[in-house]
Amino acid sequence: MNLYFGGVGEGAYAFLSKRCRAKADPAAYTATVEQAAKDYGPDHPATDVHATVSGDMGRVSYKVQGLPKFDQQGQPWTVENGTWKYDAC
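What you see is a predicted model; the values in this text were computed from it and never measured.

> An account of the packing of aromatic side chains is needed here, citing residue identities and associated values.
Scanning all chains against the criterion turns up 6 aromatic pairs. Between Phe5 and Phe70 the ring centres are 5.4 Å apart and the planes differ by 75°, which places this aromatic pair in the edge-to-face class. Of this pair, Phe5 sits in helix H1 (residues 2–5) while Phe70 sits in the loop between strand S2 (57–64) and strand S3 (72–80), and the two are 65 residues apart along the sequence. Using a relative accessible area of 2% as the deciding quantity, one classes Phe5 as buried. Residue class for Phe70 comes out partly exposed when judged on its relative accessible area of 24%.

> Which residues make up the state of the cysteines, and what values do they have?
Tallied over the entire structure, the rule returns 1 disulfide. A sulfur-sulfur separation of 2.1 Å characterises the disulfide bridge that pairs Cys20 with Cys89. Taking the torsion about the S-S bond as the criterion, the Cys20 to Cys89 disulfide, at about -85°, is left-handed. With Cys20 in helix H3 (residues 18–23) and Cys89 in the segment after strand S4 (83–86), the pair connects residues that are 69 residues apart, well separated along the chain.

> I'd like a rundown of the pattern of salt bridges, residues and numbers included.
Scanning the model with the defined rule gives 2 salt bridges in all. As a salt-bridge pair, Asp87 and Arg19 come within 3.2 Å of each other at their nearest N and O atoms. Of this pair, Asp87 sits in the segment after S4 while Arg19 sits in helix H3; the two residues are 68 residues apart in sequence, bridging distant segments of the chain. Asp87 sits in the buried class, given a relative accessible area of 10%.

> Tell me what's going on with the sheet that holds strand S1 (residues 46–54), and back it up with residues and numbers.
Ordered in space as S1-S2-S3-S4, the 4 strands form an open sheet in which the pairing is antiparallel. Both outer strands of the open sheet, S1 and S4, are each paired with one neighbouring strand and no more. Strand after strand, the sheet turns through a mean of 35° between neighbouring axes, direction not considered. Here S1 runs beside S2; their pairing, made up of 7 bridges, is antiparallel. Paired with Val53 across the bridge in S2 is Gly58.

> Break down the environment of Gln73 for me, citing the residues and quoting the values.
Relative to the elements of secondary structure, Gln73 occurs in strand S3. Considering only alpha carbons, one finds Gln73 and Gly7, 66 residues apart in sequence, at a separation of 23 Å. Separated by 3.4 Å, the side chains of Gln73 and Ser61 make a polar contact.

> Run through the side chain of His44, naming residues and quoting values.
In this structure, His44 sits in the loop between helix H4 (26–40) and S1. Residue His44 is classed as buried on the basis of its relative accessible area, which comes to 11%. In this structure the side chain of His44 is engaged in a polar contact, spanning 2.6 Å, whose partner is the backbone oxygen of Tyr40. A polar contact is formed between the side chain of His44 and the backbone oxygen of Gln65, at a distance of 2.7 Å. Beyond its immediate stretch of four places on either side in the chain, His44 contacts Met1, Phe5, Val64, Gln65, Gly66 and Leu67.

Parameters and conventions
Residues numbered from 1 in each chain as written. Predicted model: local features only at pLDDT ≥ 70, side-chain atom pairs only at ≥ 80, totals over all residues. Heavy atoms only, no water. Phe/Tyr/Trp six-rings, centres within 6.5 Å; stacked < 30°, edge-to-face > 60°. Helix = DSSP H or I, 4+ residues; strand = E, 2+ residues; numbered from the N terminus. Buried < 20%, exposed > 50% of the residue type's maximum accessible area, 1.4 Å probe, protein only. Disulfide = S-S within 2.5 Å. Salt bridge = Lys/Arg side-chain N within 4 Å of Asp/Glu carboxyl O. Pairing = 2+ DSSP bridges. Axes fitted to C-alpha atoms, helices over the stretch in contact; angles between N-to-C directions. Polar contact = N/O pair within 3.5 Å; in protein donor to acceptor, adjacent residues only side chain to side chain. Contact = heavy atoms within 4.5 Å.

Function cannot be read off these values alone, since they describe shape.
What follows is the structure in structure tokens.
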């Protein structure tokens, strides 16, 4: 959340899974992240985080403080090289 709403495009892009990076142009993704920071500002941490993990796959539900339209239920994540990556693409 901090990278996305903070406008740190390269950092946010690094948290995408390999599968999602293959679908997302880095420049376009960075522009999206920068626009989100302009539109909503940086102060929107995830709250009420709940995760279900099975092996290298996980499903995460959370609320985005102040922006309920971004709340998630069962958002997919995956482990790649020992690091959790966003896999909802």
